[in-house]
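So the chains spell out like this:
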Amino acid sequence: MCGIVGLFLKDKALEPKLGSMLTDMLVTMTDRGPDSAGIAIYGSDKDSKVKLTIQSDDPDADFSTLEKDLENTTGAQVSMSVKDTHAVLEISHTRIDDIKSALGELRPNIRTMSTGDIIEIYKEVGLPKDVAERFDVASMSGTHGIGHTRMATESAITTMGAHPFSTGSDQCLVHNGSLSNHNSLRRKLKREGMTFETENDTEVGAAYLSYKMQNGSNLGEALESSLEDLDGFFTFVVGTKDGFGVVRDPIACKPAVMAETDQYVAFGSEYRALVNLPGIEDAKVWEPEPATVYFWSH
Amino acid sequence: MNEINKPKDGIPQTAPIKSATFTDPINAEIRRAAATGIYDIRGGGAKRKVPHFDDLLFLGASISRYPLEGYREKCETSVTLGTRFAKNPIELDIPITIAGMSFGALSGPAKEALGRGANAAGTSTTTGDGGMTPEERGHSSKLVYQYLPSRYGMNPDDLRKADAIEVVVGQGAKPGGGGMLLGQKISDRVAEMRNLPKGIDQRSACRHPDWTGPDDLEIKILELREITGWRVPIYIKVAGARPYFDTTLAVKAGADVVVLDGMQGGTAATQDVFIENVGQPTLACIRPAVQALQDMGMHRKVQLIVSGGIRTGADVAKAMALGADAVAIGSAALIALGDNDPRWEAEYNALGTTAGAYDDWHEGKDPAGITTQDPELMARFDPIAGGRRLSNYLKVMTLEAQTIARACGKNHLHNLEPEDMCALTVEASAMSGVPLAGTNWIPGRNGDY
Amino acid sequence: MQTLDMATTELREVNSTLQSQKADTNQRVWEVINPKGSHAIACGLDGPIEVTVRGSTGYYCAGMNKEATVHIDGSAGPGVAENMMSGTVIIEGDASQYAGATGHGGLLVIKGNASSRCGISMKGIDIVVHGNIGHMSAFMAQSGNLVVLGDAGDALGDSCYEARFFVRGKVKSLGADCEEKEMRSEHIEILKDLLERAGADAKPEEFTRYGSARTLYNFNIDNAGAY
């Protein structure tokens, strides 16, 4: 059970402020999710390289020589920027697979949070305010982003149990609710070759969407079929390279508020998350319909 | 030797054997379902045999531990509930409370008797799925007001008159189910209190109408505290479903007290299939709930009340030794009032049942005049005498629990520990986390499978 | 008029100030500024005062209201005026889900749209929505009137008892045991009065009445599919 925030900017002038606006929204959702927090931020695609966001529980040891070690092993050029327990590796498209396999050998304990041209995912255990500070989310710029605060229901409070979950290149998923058929679905997806890091129901939702998209569905179709195949209560927000989507289960008990102005589209589990956005007084504010897939893209 | 397995022509015959799967009661139920097309509805809790407190024993004291003298050396029984956030926690003389039972399910005089008995014994009683009656408030010095999905009779005046508020998420008899009150019991007064047409079959909602999940519950609790000025404790009652997670989430949502009701806990009426097949035995629920509180550093700060099959002072002592702060009784209190008393045997027989088995409370024909709204039957029940029986029983249970605690060398019931007990069966040992008698073995805990 | 500023005043103080105004108070007009979507604002009021909340509110604004008039000059979050007993709650903007849930009395006016479960389990409250209402509205509604000038979403009045629903626009679907009913003169009278009190510019004759078909009041195996 959780809080979700999302912000999709139409006005380029706001892009430098994306991180600070999203941080403010995230912190208002602390009561809904005090256990862990995470954010997916979609930055700029200026250098045409792939971004690999990784996480380590022992960042000093794992990250200190990683850049060099990867270059020595693969011969590929790697640029790394470290943010607390996370680091973003930028690599050319042609060498991403080599880097991934080298990373697995050199630092088997490192975990991949996201891969894509522009996405970066940061998530950790702790209060949303502290998590946002550790990664200095407020200083980040970008076109859109999604944040999540988690109150764990059944699965453990861990970094990997925090949201967002990566569902593919430049894609991620956050969830508020509780699925009721995720164990069977996890077993089914495992047989199909999907891998799992946690016992979290949302990870099953994420893997389900990934699986559908690997098998020919686009994101919209995958979300449509989730309404059939996932049982339980959910509000999902999915991030894509050029925007985000929202879907609620047919019962739609878990809260969701949207706001739109000429400058942005925003999502919040509660209106409180939206109150400090510019021009919110005159924004179009509404609640997404149940069992309906919404998308906003650039 | 009877006729059917008598040798025929000098040859011994196969004896007729009834199926252990298709038993007489099962077959009768199949025939009943086929004839009527409706599931069996009844009151009470699980009747099937499940591991229970009877499967635990106390070790007592001897040379390594020293007992306390009965009566002369004190053994305290008091408990304070709701110390976390409430300005006015509830202070009880004994750790045995009366569980929520509705006016509607019970007659007005029966509710009055519960209040009288609880008062005399120094404990609290609880409303139910039908609102608060003036008789009940008047006769209960400490009254817990239940906040249920149906919200029948819910109003801010009664809320502010309550000594504590119990947000009911679930009930041991039917985790995930709503209440039922069938037409026979929707009398004029019940109909008016619940704002329903007289004589209908009322089915309550299973989820609260205006919140779902712990993140919303936290806000609901804020509202209830704001309306009551943060004065009274907020209990959250959960069924024995996933006690570790449910206890954790109740505490995260802001509960002062968690009430945990195992599958033997009763109900006024629901489907038999629900009562017998959903939920965990009380014995299996306590340790995970206590573990959850301990993991958050909240054991004894958020109090745990356990219910579902508490019958004796030994059960009270055992629940407390497993980590509960108090217990609640429902079915046992009704029996103390006179429910299922053999003195009405002829009338039970006329209803097709027998004393001790009568559970068609929803039909409103209770010969003892307790689970009914029929004025003639209700008149059989004297609330003053009933209250006296209940207070006697509560006092006996307390004395029994003290007897055990003193034998274990405890000057307060709260000082009983799991280590004061042993388990008689492997099942009870695994469920309660208490070692099997004569061993140090707890299946599933210390590795020695 | 007295002003309470939530930018500088704690929720507890705002509510205890408003809650302590009883029948004999001479401070009858209040405003709450900077609500910023906070929860449980002006809940549990118990006197004939007028409170205007300038801005949008979170969950359970005006919850369990008695006698007071609460005006929300913005939109309301989930469960606005839940379990209201009497008085009036007016929302200038939209209302989120569960508006007027389990309300026992009083009048709830929503000038914009109401989301899902509007009037769920209502027990005597009157609700007038100038716009549309969402799915599962008036689920298990027991009594009172729900008036909708716009359209109703899926499953209106599912498992309802004796509550009345008046809808001017389209109903996407009716819930189990809810049916269209004849609009008789007594219903026109009820509706006329409610529209007037809610400041709604509509004619009673434009509405269709819905209510319980009463087929689920007592269990019947032939209705099992509806349970």
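Note that the coordinates shown come from a computational prediction; the quantities given were computed from them, not determined experimentally.

Participant: In this structure, what is going on with the overall build of chain A? I would like to understand it.
Facilitator: Scanning chain A from terminus to terminus reveals 8 helices and 16 strands. Relative to its length of 298 residues, chain A is compact, with a C-alpha radius of gyration of 18 Å against a globular reference of 19 Å. Across its three principal directions, the C-alpha atoms of chain A cover 55 × 45 × 35 Å. Counting only residues that meet the buried cut, chain A has 51% of its 298 residues in that class.

Participant: How should I be thinking about the overall build of chain B in this particular structure?
Facilitator: A count of helical and extended segments in chain B gives 15 helices and 16 strands. In summary, chain B has a C-alpha radius of gyration of 23 Å against a globular reference of 22 Å for 449 residues, a match within 12%. Principal-axis analysis of the C-alpha atoms gives chain B an extent of 85 × 65 × 45 Å. Put simply, chain B has 449 residues, and 57% of those count as buried. A sequence separation of at least 24 residues applies to 67% of the contacts in chain B between residues at least 6 apart.

Participant: Can you walk me through the sheet that holds strand E5 (residues 96-98) of chain B in this structure?
Facilitator: Backbone-to-backbone hydrogen bonds pair the strands of a sheet. The strands run either parallel or antiparallel. All names here are of chain B. Pairing is parallel across the open sheet formed by 8 strands, whose spatial order is E5-E15-E14-E12-E11-E8-E7-E6. In the strand order of this sheet, the two ends are held by E5 and strand E6 (125-126), each with one partner. Pairing of strand E8 (residues 164-168) with strand E11 (residues 234-239) involves 4 bridges; the strand directions are parallel. Opposite glutamate 166, over in E11, you have tyrosine 235 as the bridge partner.

Participant: I would appreciate a short explanation of the domain arrangement of chain A in the present structure.
Facilitator: For interface size, the figure often reported is the accessible area lost on association. Residue and element names in this part refer to chain A. Segmentation of chain A into domains returns domain 1 (2-44 + 124-297) and domain 2 (46-116). Computed from C-alpha atoms alone, the centre-to-centre distance between domain 1 and domain 2 is 25 Å. Here the residues of the side of domain 1 that touches domain 2 sort into 4 nonpolar, 4 polar and 5 charged.

Participant: I'm lost on the sheet that holds strand E3 (residues 50-54) of chain C in this one. Help?
Facilitator: All names here are of chain C. Spatially, E1-E2-E3-E4-E5-E6-E7-E8-E9-E11-E10 is the arrangement adopted by the 11 strands of the open sheet, whose pairing is mixed. Either end of the sheet is taken by a strand with one partner, and the two such strands are strand E1 (2-5) and strand E10 (178-181). Strand-to-strand, the axes of this sheet are offset by a mean angle of 15°, without reference to chain direction. Pairing of strand E9 (residues 164-167) with strand E11 (residues 208-212), which is carried by 3 bridges, proceeds in the antiparallel orientation. Residue pairing in the sheet places valine 167 in a bridge with threonine 208 of E11. Sitting on the sheet, helix H2 (residues 185-197) touches strand E6 (107-110), strand E7 (123-129), strand E8 (143-148), E9 and E11, and the angle it makes with E8 is about 65°.

Participant: In this structure, what is going on with the pairing of strand E5 (residues 86-91) of chain A? I would like to understand it.
Facilitator: Strand residues, when the strand is regular, have side chains that alternate between the two faces of the sheet. Residue and element names in this part refer to chain A. As paired elements, strand E3 (residues 50-55) and E5 share 6 bridges and run antiparallel to each other. Bridge pairing in E5 links threonine 53 to valine 88. For strand E4 (residues 79-83) and E5, the ladder comprises 5 bridges, and the chain directions are antiparallel. Paired with serine 79 across the strands is glutamate 90, a residue of E5. Hairpin geometry of E4 and E5 is characterised by an intervening segment of 2 residues between the two adjacent antiparallel strands and by a positive phi of about 55° at aspartate 84.

Participant: Explain the interface of chain A and chain B to me, please; I cannot follow it from the model alone.
Facilitator: Across the contact, 12 residues belong to chain A and 9 residues belong to chain B. A breakdown of the residues in the side of chain A that touches chain B according to their chemical character gives 5 nonpolar, 3 polar and 4 charged.

Participant: Could you clarify how one ought to interpret the packing of helix H6 (residues 182-191) of chain A against helix H7 (residues 201-214) of chain A in this entry?
Facilitator: Angle between the axes and distance between the axes: these two values describe a pair of packed helices. Residue and element names in this part refer to chain A. Where H6 contacts H7, the axes come no closer than 10 Å and their chain directions differ by 40°. The orientation of H6 with respect to H7, classified from their angle, is oblique. Handedness of the crossing formed by H6 with H7: left-handed. Here His182, Leu185, Arg186 and Leu189 of H6 come into contact with H7, specifically with Asp201, Val204, Ala207, Tyr208 and Tyr211. The residue inventory of the contact of H6 with H7, partitioned by class, reads 6 nonpolar, 1 polar and 2 charged.

Participant: Would you explain the nonpolar core in this entry?
Facilitator: General note: in soluble globular proteins, nonpolar side chains tend to be found buried as a group. Ranked by internal contacts, the top residues of the largest apolar core, which has 190 residues, are Val258(B), Val327(B) and Ala42(C). A domain-level breakdown of this core finds at least three residues from each of domain 1 (1-96) and domain 2 (118-216) of chain C. The contacts of Ala42(C), once residues within four sequence positions are left out, are Asn15(C), Leu18(C), Val32(C), Val51(C), Val53(C), Cys61(C), Ala62(C) and Val70(C).

Participant: So what exactly am I meant to see when it comes to the packing of helix H7 (residues 243-253) of chain B against helix H9 (residues 282-295) of chain B here?
Facilitator: Residue and element names in this part refer to chain B. Following both chains from N to C, one finds H7 and H9 inclined at 40°, their axes separated by 8 Å at the closest point. Judged by the angle between their axes, H7 and H9 are oblique. Of the two possible hands of crossing, H7 and H9 adopt the one that is right-handed. Contact with H7, carried on its side by Pro243, Tyr244, Thr247 and Thr248, involves Cys285, Pro288, Ala289, Gln291, Ala292 and Leu293 of H9 and no other residues of that element.

Participant: Would you explain H7(B) in this entry?
Facilitator: Residue and element names in this part refer to chain B. Here H7 lies mainly inside the structure; 9 of its 11 residues are buried. For H7, the set of buried residues is Pro243, Asp246, Thr247, Thr248, Leu249, Ala250, Val251, Lys252 and Ala253. For H7, the elements touching its buried residues are helix H6 (214-227), E11, strand E12 (257-261) and H9. The positive-phi residue at the C-terminal boundary of H7 is glycine 254, with phi of around 110°.

Participant: I would appreciate a short explanation of the confidence of the model for chain B in the present structure.
Facilitator: Keep in mind that low pLDDT regions are not for reading the predicted coordinates in detail. Per-residue pLDDT for chain B averages 94, and the proportion of residues at 70 or more is 98%. What the predictor reports for the complex is a pTM of 0.94 with an ipTM of 0.96.

Participant: So what exactly am I meant to see when it comes to the environment of Lys237(B) here?
Facilitator: Residue and element names in this part refer to chain B. Here lysine 237 shows up in strand E11. Residue class for lysine 237 comes out buried when judged on the 29 C-beta atoms lying within 10 Å of it. In this structure, the C-alpha to C-alpha distance between lysine 237 and alanine 105, residues 132 residues apart in sequence, is 19 Å. Contacts of lysine 237, omitting those with residues within four sequence positions, involve Glu166, Val167, Val168, Val169, Gly170, Val259 and Asp261.

Participant: Where do I start with unusual backbone geometry in this structure?
Facilitator: Trans peptide bonds make up the majority, and among non-glycine residues the majority have a negative phi. Here the residue pair His163(A) and Pro164(A) is connected by a cis peptide bond, since its omega of 0° sits within 30 degrees of zero. Non-glycine residue Ala155(C) carries a positive phi angle of around 60°.

Participant: When you look at the environment of Asp130(A) in this model, what are you seeing that I'm missing?
Facilitator: Residue and element names in this part refer to chain A. Summarising the element assignment, aspartate 130 is placed in helix H5 (residues 128-134). Its 13 C-beta neighbours within 10 Å are what place aspartate 130 among the partly exposed residues. Residues aspartate 130 and leucine 277, 147 residues apart in the sequence, show an inter-C-alpha distance of 21 Å.

Participant: How should helix H2 (residues 108-121) of chain B be read in this particular structure?
Facilitator: One turn of an α-helix holds 3.6 residues; hence residues three or four places apart share an orientation. Residues and elements named next belong to chain B. Taking 1.5 Å of rise per residue, 14 residues should cover 20 Å, and H2 covers 20 Å from first to last C-alpha, within 8% of that figure. Here H2 lies mainly inside the structure; 11 of its 14 residues are buried. Taken together, the buried positions of H2 are Pro109, Ala110, Lys111, Glu112, Ala113, Leu114, Gly115, Arg116, Gly117, Ala118 and Ala121. Residues of H2 that are buried in the fold lie against E5, E6, helix H3 (134-139), helix H11 (331-337), helix H13 (375-378) and helix H14 (383-407).

Conventions adopted
Residues numbered from 1 in each chain as written. Chains lettered and ligands numbered in written order. Predicted model: local features only at pLDDT ≥ 70, side-chain atom pairs only at ≥ 80, totals over all residues. Helix = DSSP H or I, 4+ residues; strand = E, 2+ residues; numbered from the N terminus. Rg over C-alpha atoms; globule rule 2.2 N^0.38 Å. Buried ≥ 20, exposed ≤ 12 C-beta atoms within 10 Å, placed from the backbone. Contact = placed C-beta atoms within 7 Å. Pairing = 2+ DSSP bridges. Domains from an automatic or database assignment. Nonpolar A, V, L, I, M, F, W, Y, C, P; charged D, E, K, R; others polar. Axes fitted to C-alpha atoms, helices over the stretch in contact; angles between N-to-C directions. Parallel < 35°, antiparallel > 145°, perpendicular 65-115°, else oblique. Left-handed = near helix turned anticlockwise from the far one by under 90°. Core = buried A, V, L, I, M, F, W, Y, C linked by C-beta atoms within 7 Å. pLDDT = per-residue confidence, 0-100. Expected span 1.5 Å × (residues − 1).

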